[in-house]
Amino acid sequence: MDITRRCDYALRILEAAYLRGDQYVSVSDISEQEDIPYAFARSIQHDLVKGGLIKTVRGARGGLALDCDPAQITLLEVLEAVQGPVSVSLCAVDSEYCKRRGGCSYNKLWMGADSLLNAYFDSITLKDLMEQGARHPAIKQAIAAAPPRARMACPVDACGGCGAAGKAGAKVAAKGKPAAGASAATASADAE
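What comes next is a walk through the structure.

### Describing the overall build of the chain
Then step 1. The number of helices and strands found in the chain is nine helices and two strands.
Then step 2. When the helices and strands of the chain are read in sequence order from the N terminus, they spell out α-α-α-β-β-α-α-α-α-α-α.
Then step 3. Looking at the chain as a whole, 40% of its 192 residues are labelled buried.
Then step 4. Considering only residue pairs separated by 6 or more positions, the chain has 62% of its internal contacts joining residues 24 or more positions apart.
Then step 5. Accessible area of the chain: about 10,900 Å², with a carbon and sulfur share of 53%.

### Brief notes about the packing of aromatic side chains
Then step 1. Across all of its chains, the model carries two aromatic pairs by this definition.
Then step 2. For the pair Y9 and F40, a centre-to-centre distance of 5.4 Å together with 80° between the ring planes defines the contact as edge-to-face. In this pair, Y9 is assigned in helix α1 (residues 5-20) and F40 in helix α3 (residues 38-50), connecting sequence segments 31 residues apart.
Then step 3. Here Y9 falls in the buried class, since its relative accessible area comes to 8%.

### A word on the pattern of salt bridges
Then step 1. Counted by the stated rule, this structure contains two salt bridges.
Then step 2. For R6, the salt bridge is made with D47, and the minimal N-O distance between the two is 2.8 Å. Note that R6 is positioned in helix α1 and D47 in helix α3, a separation of 41 residues in sequence.

### Description of the nonpolar core
Then step 1. Among the nonpolar cores identified, the biggest contains 38 residues, and I13, L14, L48, L64 and L66 are the most heavily contacted of them.
Then step 2. Listed by contribution, the elements that provide at least two residues to this core are α1, α2 (27-34), α3, β2 (63-66), α4 (75-83), α7 (126-132) and α8 (137-145).
Then step 3. The biggest single contributor to this core is α1, with ten residues.

### Brief notes about the pairing of β2
Then step 1. With four bridges connecting them, strand β1 (residues 54-57) and β2 associate as antiparallel partners. Each residue of the ladder has a partner; that of K55, found in β2, is A65.
Then step 2. The hairpin formed by β1 and β2 contains five residues between the paired strands, and G59 there has a positive phi angle of roughly 115°.

### Regarding the layout of surface pockets
Then step 1. The calculated volume of the second largest pocket comes to roughly 310 Å³.
Then step 2. R42, Q45, T56, V57 and R58 are the residues nearest the centre of the second largest pocket, which is lined by 15 residues in total.
Then step 3. Looking at the lining of the second largest pocket, the elements that each hand over two or more residues are α2, α3 and β1.
Then step 4. Top contributing element to the lining of the second largest pocket by residue count: α3, with five residues.
Then step 5. Its residues assigned to classes, the lining of the second largest pocket comprises five nonpolar, eight polar and two charged.

Rules and cut-offs
Residues numbered from 1 in each chain as written. Predicted model: local features only at pLDDT ≥ 70, side-chain atom pairs only at ≥ 80, totals over all residues. Heavy atoms only, no water. Helix = DSSP H or I, 4+ residues; strand = E, 2+ residues; numbered from the N terminus. Buried < 20%, exposed > 50% of the residue type's maximum accessible area, 1.4 Å probe, protein only. Contact = heavy atoms within 4.5 Å. Areas by Shrake-Rupley, 256 points an atom, 1.4 Å probe, with all protein chains shown as cover. Phe/Tyr/Trp six-rings, centres within 6.5 Å; stacked < 30°, edge-to-face > 60°. Salt bridge = Lys/Arg side-chain N within 4 Å of Asp/Glu carboxyl O. Core = buried A, V, L, I, M, F, W, Y, C linked by side-chain atoms within 4.5 Å. Pairing = 2+ DSSP bridges. 1 Å grid on protein atoms, 1.4 Å probe; cavity = no way out; pocket = protein on both sides within 12 Å on 5 of 7 lines; lining within 4 Å. Points joined across faces, edges and corners; volume = space filled by probe spheres on them. Nonpolar A, V, L, I, M, F, W, Y, C, P; charged D, E, K, R; others polar.

All quantities given are derived from atomic positions and should not be read as evidence of function.
Spelled out as structure tokens, the structure:
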């Protein structure tokens, strides 16, 4: 399963909306600040509106703002709104994909992996991600439980693993809130 660039950008857009609170922020401002191609940001904006995650207002003072309670929306819901079901293999979610599905032990293997991934992403809310980042207990536990060869080095480990060296931490700290953990923007972004 790949977390696509579209998902990474969607999380950056949600982060920008989260940091603005009740104020609207323009897609062009987010696009410029987060280095997201404008047309791509607009396309993602439509997915986020359709998923009930943001609202938009047109006009000079318009833009987008959160339309959900970030403490109630999980990362799984965000990923599904942007890219559909989270799965490591199509055969685990599409019964028509493979004719061997019923008696195939690999299908059950992929279904088990899907269950673990979905539970993990469902255990982290948007608010958790924006405020705690890599300090979230589920993230720390998942990283600690990974075998050494599967662990990836954090480019900002010098910060103690909190990810606050990212720009989200600086933005939140500048607003007088507790420093945020790793921003959603630090998620790995594979080509779409």
